[in-house]
Each structure stands twice: as C-alpha cells, then as structure tokens.
Amino acid sequence: MKGRFPVRRTLQYLSQGDVVFKSSVKVMTVNYNTAGELSEGARKFVFFNIPQIQYKNPWVQIMLFRNMTPSPFLRFYLDNGEQVLVDVEDKTNKEITEHVKKILGKSKETLEKEERERKKLSHPATFGPKKYHLRECMCEIEGQVPCPAFVPLPKEMRGKYKAAMKKEA
Amino acid sequence: MLPALRRCRPGPVPLPALAAALGPGPAPGLSPVPGLCPGWSPRAVPVRGRKTRHDPPSKSKAGRVKLPPPVDPEELLVVQERYRQYRLVLGALRAEFRAEVLQKKQEERLAAQDSVQELEEHRRLMAWNDEENARQQARREERARREEEEQKRRKLEVAEKQARKMKAFLEEKEKEVLQLQEEAKNFITPENLEARIEECLDNPQNYNFAIDKDGRIVKRTVLS
C-alpha cells in the first residue's frame, strides 16, 4: 500500500477508534508544532488518532494549525457557544485520546443503548432485499432445500409431476 | 402507482393469443418483459408475438383507427372531484402523521439532551478538565524553572572554566619568564667573554668515556 503507515487507511483500523463525540460538539481544532520534544504527543495524535476520530464522527469539523503557538493544545467548540480548551503539552497520544474521551465522548453505556435502539428497528428473522434484511430466500440457509436455480428439485416436489399424478389417478 | 400495483397482483394476467397455442404450460423461459411480470407467474409471455418493433404493421391494419375508450363527461367530472377530495384528505393525513412522529422524536432528543443530569455531568467533566489544565500549567512552570536553573549553572561553569584556563596560562607564562631569567645568569655577554674563554681553556673537559646500558661510565681514556 502507499504511504508511511498505510494501516491508518484500513477500515479495520478506523473502526477501532473508540472516541464518539456527544452531539453538542461541532468543531475540533488542534494547534501543534512540527518540531520539538514537547509537541511529540500531539503530532502522534494528529497522525494516528485523528483519522479514527473523523471516521467515527463524520459531522464534526476538524481543523489543524501548525507552528502558530509555542505550546500545543486542543480546542472544542460546542453548539451552545462554549469552548473547551485542552492543554496537551508533554502528553502521549494515548493520554490525549483518553482525556478527550473522558470529557467529551459518549460513554460506553450510551453507545450500547443507541446500538440496541438501532437493532430494535429491524427484525432479524424477516426475509427481503439485502439492503434491509439479512436473508432474501429460505434457500440461502444451510439445511434447507437448495435453490432450484442451482440444484433441480426432486420430481416429487415439482408441481408438474404432482399435477400429472393427480390426472392419472 | 395504482396501475403498477395492479400489474403485480396475482391471478389472471393479460394473456396473448400465442400463449394458448403453446400447450398446457408455456415455458417461462420465453423472456417476459423485464421487470414487469413477477417471475413465478407461468402465464406471462411477451405481447409482441412474432414481429419485432421494427417490422411494419400488416395490410389488414391499414385502415384501423384506434379510438380511446368512451368517457361520460359528467361522470368523469364527478369521479375526478371525488378523487381529488380523497387524495387531498389522504395527503393531509399522511403529512399530519409524519409531522407528529417527527415532533415526538425531536422532543425526546431534546429532553435527553437538556436533562439536569446531563448538564451536571457536563459541568463536572469541564471542572475536571480545568483541573487537569491547571496541573499541566504547574508542570510546565516547574519545567521552565528547572530549565532556567540549568542554564544559569551551565553559564557559571563556563565562566569558571574560562577563568581557570586564563590562570593556568598566566602561570605557565610566569614560569617561562623565571626560567629565562635563571638561564640569563649563565649567558655569555661581551663583558665576560674574555673571562669565560680563559675559564674554558683552564679547565679542559674530557669526553672520552664509554657508557654501558645502565648509563654508568665503564672506561675512561686519557686526554692527549
């Protein structure tokens, strides 16, 4: 694959991000420096974790500013006008993600509840188009009669034979 | 939508005359009009029959005039008016229900957002964030102070080293000067030239001796 750490572009890596922002967070701004030991954590955060965050929060605007301030920080803009400042100097990227998840991320219980609500909308036992249901036809399930398009039915099951037998009798 | 639904209804599907001629069961393999007839209906076959769309119509159809079905104008007006009212009412009902469901969802969402617990939780988290920032500030100040101290110490050290070097250099130079002064006592000047020559002539030095590896004199030869 192309790039320095192409694993960052895989779906598996992106879906492993666990920071889902609350619905009140609209904009996230990251000010960091491209050189300096103290900004290392912020740089790693931008490089590794921001793709995961953006994947999980497609409607949050994320802006990056480089070399504008002497020390790195994060700023969140909520929809009620409140601004949340997070100082990230001299922190590792893991610490930064944990901090952000704690103050502005949805808790695990909330996420689970939302998941359950979503599952309630659709019934897993119904059949129909692949877009809305799990299965389209009974022939897809193991142990059931296979699809007659691939394996012809035995003659006793065909309407043609049954009609002929009835006519004979 | 109604005519489309009507087509999908199970039961007697419009049969062309060709289908009857084919025998008990026309093979569904004859490609039916794609998308229109459900696959499970065994009687639906293409209506075109033998000719393609590019073939001209036959001579028997030369004078054919196709007329639309007859319509009674009063009945039409009445029926149209009734349908119009019916559709109006149904559309309004649908819109009403849609709006109601949307309203309920919005209210639920807002209630979940604005609940007191949520605000409390938010404030608590913001307070914790501020504390964290304060801790970070303390750490930063500590670091800055240490850096300054380090800087001062380094400067002092450099100054000291410089001073030491200067002192050593001066001492070295002093020593050299003294040594030179010492040696100057033994210099041969024009004044004691005569005396020194006399002295050398009076005391002949005998260099004719042999030395072993330890530096002791082994043999002496008499000066001739």
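Residues numbered from 1 in each chain as written. Chains lettered and ligands numbered in written order. Predicted model: local features only at pLDDT ≥ 70, side-chain atom pairs only at ≥ 80, totals over all residues. Heavy atoms only, no water.

Visitor: Looking at this model, I keep getting lost on the overall build of chain B. Mind explaining?
Guide: A tally of helices and strands in chain B yields five helices and two strands. Taken from N to C terminus, the helices and strands of chain B fall in the order α-α-α-α-α-β-β. Classification of the 224 residues of chain B by burial places 6% in the buried group. Taking contacts inside chain B between residues at least 6 apart in sequence as the whole, the part at least 24 apart equals 21%. When the accessible area of chain B is evaluated, it comes to approximately 21200 Å², of which 59% is carbon and sulfur surface. (Helix = DSSP H or I, 4+ residues; strand = E, 2+ residues; numbered from the N terminus. Buried < 20%, exposed > 50% of the residue type's maximum accessible area, 1.4 Å probe, protein only. Contact = heavy atoms within 4.5 Å. Areas by Shrake-Rupley, 256 points an atom, 1.4 Å probe, with all protein chains shown as cover.)

Visitor: Would you mind going over the environment of A:Leu64 with me for this structure?
Guide: Residue and element names in this part refer to chain A. Tracing the chain through its elements places Leu 64 in strand S2 (residues 61–66). With 35 residues separating them in the primary sequence, Leu 64 and Thr 29 have C-alpha atoms 5.9 Å apart. Leave out the neighbours within four places in its chain, and Leu 64 touches Val 30, Tyr 32, Val 46 and Ile 50.

Visitor: I tried to follow the packing of helix H3 (residues 93–104) of chain A against helix H4 (residues 116–184) of chain B on my own but got confused; where do I start?
Guide: The geometry of a pair of packed helices is captured by two quantities: the angle between their axes and the separation between those axes. Between H3(A) and H4(B), whose axes approach to 9 Å, the crossing angle comes to 150°. Put simply, H3(A) runs roughly antiparallel to H4(B). Facing A:His99, A:Lys102, A:Ile103 and A:Leu104 of H3(A), the residues of H4(B) in contact are B:Leu125, B:Met126, B:Trp128, B:Asn129 and B:Glu132. (Axes fitted to C-alpha atoms, helices over the stretch in contact; angles between N-to-C directions. Parallel < 35°, antiparallel > 145°, perpendicular 65-115°, else oblique.)

Visitor: It is not clear to me how the interface of chain B and chain A should be interpreted in this structure. Could you clarify?
Guide: Accessible area lost during the coming together of the parts is what is often quoted as the interface size. On the chain A side, the residues contacting the eleven residues of chain B number 18 residues. Summing the contributions of chain B and of chain A, the shared interface buries around 1400 Å²; its carbon and sulfur component is 47%. At the junction of chain B with chain A, the criterion picks out five salt bridges. Linking A:Glu89 and B:Arg140 is a salt bridge whose minimum nitrogen-to-oxygen distance equals 2.3 Å. On the surface where chain B and chain A come into contact, there are seven residue pairs in polar contact (both at pLDDT 80 or more). Ranked by residues supplied to the side of chain B that touches chain A, first place goes to H4(B) with ten residues. (Buried area = accessible area lost by both parts, 1.4 Å probe. Salt bridge = Lys/Arg side-chain N within 4 Å of Asp/Glu carboxyl O. Polar contact = N/O pair within 3.5 Å; in protein donor to acceptor, adjacent residues only side chain to side chain.)

Visitor: Looking at this structure, how should I read a nonpolar patch on the surface?
Guide: Residues B:Leu88, B:Val89, B:Leu93 and B:Phe97 make up a contiguous nonpolar surface patch of roughly 400 Å² in combined accessible area. The topology assignment puts B:Phe97 in helix H3 (residues 73–114). (Patch = residues over 30% accessible without salt bridge, like charges linked within 9 Å, V, L, I, M, F, W, Y side chains within 5 Å.)

Visitor: It is not clear to me how the nonpolar core should be interpreted in this structure. Could you clarify?
Guide: The nonpolar side chains of a soluble globular protein tend to be buried with one another. A:Phe21, A:Met28, A:Leu74, A:Phe76 and A:Leu104 are the most contacted members of the largest nonpolar core, which totals 25 residues. Going through the elements one at a time, strand S1 (25–32), helix H2 (40–56), strand S3 (73–78), strand S4 (83–87) and H3 of chain A together with H4 of chain B are the ones with two or more residues in this core. With five residues, H2(A) is the largest single contributor of residues to this core. Non-local contacts of A:Met28, meaning those with residues more than four positions away in its chain, are made with A:Phe21, A:Phe45, A:Ile50, A:Ile53, A:Val60, A:Gln61, A:Ile62, A:Met63, A:Arg75 and A:Phe76. (Core = buried A, V, L, I, M, F, W, Y, C linked by side-chain atoms within 4.5 Å.)

Visitor: Mind showing me how you'd approach the confidence of the model for chain A here?
Guide: Caution is warranted with low-pLDDT regions, since their predicted coordinates should not be read in detail. Per-residue pLDDT for chain A averages 94, and the proportion of residues at 70 or more is 100%. Element-level mean pLDDT values for chain A span from 92 in helix H4 (residues 108–121) of chain A up to 97 in helix H1 (residues 11–15) of chain A. (pLDDT = per-residue confidence, 0-100.)

Visitor: Teacher, can you tell me more about the packing of aromatic side chains here?
Guide: One pair of aromatic rings is described through two measures. These are the centre distance and the angle between the planes. Under the criterion given, the structure shown has four aromatic pairs over all chains. Geometrically, the ring pair formed by A:Phe5 and A:Phe47 is edge-to-face, given 5.8 Å between the ring centres and 85° between the ring planes. In this pair, A:Phe5 sits in the segment before H1 while A:Phe47 sits in helix H2, placing the two residues 42 residues apart along the sequence. A ring pair is formed by A:Phe47 and A:Phe48, whose centres lie 5.0 Å apart and whose planes are at 85°; its orientation type is edge-to-face. Looking at A:Phe47, the relative accessible area reads 18%, which means it is buried. Look at A:Phe48 and you get buried, because its relative accessible area is 19%. Three or more aromatic residues joined by ring pairs form one cluster here, namely A:Phe5, A:Phe47 and A:Phe48. A cation over a ring is seen here: A:Arg8 above A:Phe47, with NZ or CZ 3.7 Å from the ring centre. Against the face of B:Trp128 rests A:Lys102, its NZ or CZ located 3.8 Å from the ring centre. (Phe/Tyr/Trp six-rings, centres within 6.5 Å; stacked < 30°, edge-to-face > 60°. Lys NZ or Arg CZ within 6 Å of the ring centre and 35° of its normal.)

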